[in-house]
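In case you want the letters, here they are:
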Amino acid sequence: MEISMSELLKKEPTLIRELFDEISPYYDFMNELMTFGTIRWTRKFSVHVSGITQLEEGTILDLACGTGDFTFEILKATKHTSEVKVIAVDFSERMLFRARRKAKRILTREDLERVEWVRASAFDLPFPSESMSATFIGYGIRNMNPPQAALREIHRVTKTGGILIVLESSIPKRYLERFVNRFYFSKVVPKIASLFGLKNAYQYLAESMDKFYCPEKMEAIIKMSGWQNIKWWQLLRGSVAVHRAVKTRHPNI
Ligand SMILES: C[S@@+](CC[C@H](N)C(=O)[O-])C[C@H]1O[C@@H](n2cnc3c(N)ncnc32)[C@H](O)[C@@H]1O
């Protein structure tokens, strides 16, 4: 993808979609490689703090589902009931293609029947208001500009009392950890990605991480978008954050 970094950082949806279409064949492999497998643990942690294992019925939205790994964790955590459905949404057809293919390979027939894959934009979700019991968004919000627009749209489709989980890269607090993180993602990862002709795409991912918010700022943005009772955790020496929020009767909008 030969587009300047400043253009990509404006996060215009068509360019972001093309970027994910382009990296889709390498996405899972690069995730495992660049995070040494820890990305799986961050998704498991997010599902754990969400409390969805208590859910007896309802619909869960996995927004920006990519190749489906977060969706598969959500399905695993709700195995106890056939009354919990999962809708996995992404705007990249090629990421969704891989998610569907992987689902057929690894899911049981019961789980396949509980999941639906939908191509749609986070800014304009094709679901009625108050229809979701919970919404997850894993490593997706960073690519949405402005994030408040997506968070408000999620707020609309989530039921009162429903929860939001935002899993995203974050800025470590300590200088040394920040320095190591920045060096690794902006110098080492793009070098590896260049082996597959994806240097620009992974440079963008590194820059967008670097320019993303600290957890306090992310909390403020989530609050500004109508959510309440916000809690957050930083993982992996501050390089990842999980925010949990609730849609209450009296939004902050
Ligand atoms: C880094 S991937 C994350 C995939 C997955 N959630 C995971 O945990 O690996 C980000 C995904 O967000 C999707 N995405 C970005 N902006 C979007 C938008 N505005 N609407 C829908 N999907 C979007 C991309 O297509 C991509 O698949």
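About the cut-offs
Residues numbered from 1 in each chain as written. Predicted model: local features only at pLDDT ≥ 70, side-chain atom pairs only at ≥ 80, totals over all residues. Heavy atoms only, no water. Buried < 20%, exposed > 50% of the residue type's maximum accessible area, 1.4 Å probe, protein only. Helix = DSSP H or I, 4+ residues; strand = E, 2+ residues; numbered from the N terminus. Pairing = 2+ DSSP bridges. Near = heavy atom within 4 Å. Polar contact = N/O pair within 3.5 Å; in protein donor to acceptor, adjacent residues only side chain to side chain. Areas by Shrake-Rupley, 256 points an atom, 1.4 Å probe, with all protein chains shown as cover. Nonpolar A, V, L, I, M, F, W, Y, C, P; charged D, E, K, R; others polar. Salt bridge = Lys/Arg side-chain N within 4 Å of Asp/Glu carboxyl O. Axes fitted to C-alpha atoms, helices over the stretch in contact; angles between N-to-C directions. Contact = heavy atoms within 4.5 Å.

Moving on, we get to the pairing of strand β7 (residues 240-246). Of all seven residues in β7, six are buried; the element is thus mostly enclosed. Strand direction decides the pairing type here: strand β5 (residues 158-169) and β7, joined by seven bridges, are antiparallel. Bridging from a neighbouring strand, Glu168 pairs with Ala241 of β7. In this sheet, β7 lies alongside strand β6 (residues 228-235) in antiparallel orientation, the contact comprising six bridges. Its bridge partner lying in β7, Trp233 is registered against Val242. The loop that links β6 with its antiparallel partner β7 comprises four residues; one of these, Leu236, has a positive phi angle of about 50°.

Further remarks concern the site of the ligand. Close to the ligand lie 18 residues, the nearest being Tyr27, Arg43, Ala64, Asp90 and Gly138. Contacts to the ligand include Arg43, whose side-chain N or O atom sits 2.9 Å from an oxygen atom. At 2.9 Å from a nitrogen atom of the ligand is found a main-chain nitrogen or oxygen belonging to Ala122. Notes on the ligand: free accessible area 610 Å², of which the protein chains cover 98%. Classifying every residue of the shell around the ligand by side-chain character gives twelve nonpolar, four polar and two charged.

Across all of its chains, the model carries 20 salt bridges by this definition. The salt bridge partner of Glu7 is Lys10, with a shortest N-O separation of 2.8 Å. Ionic pairing is found between Glu153 and Arg156, a salt bridge with its closest N-O pair at 3.0 Å. With Glu153 and Arg156 both in helix α8 (residues 147-157) and three residues apart, this pair spans about one turn of that helix. Take Arg156: its relative accessible area is 27%, and that puts it in the partly exposed class. Here the residues in one salt-bridge network are Asp28, Arg43, Asp69 and Lys102, joined through shared partners.

Taken in spatial order, the seven strands of this open sheet run β3-β2-β1-β4-β5-β7-β6, and their pairing is mixed. For this open sheet the edge positions go to β3 (115-119) and β6, each flanked by a neighbour on one side alone. Shown here is a sheet whose adjacent strand axes are inclined to one another by a mean of 15°, direction ignored. Across the face of the sheet, helix α6 (residues 93-106) comes into contact with β2 (84-90) and β3 while running at roughly 165° to β3.

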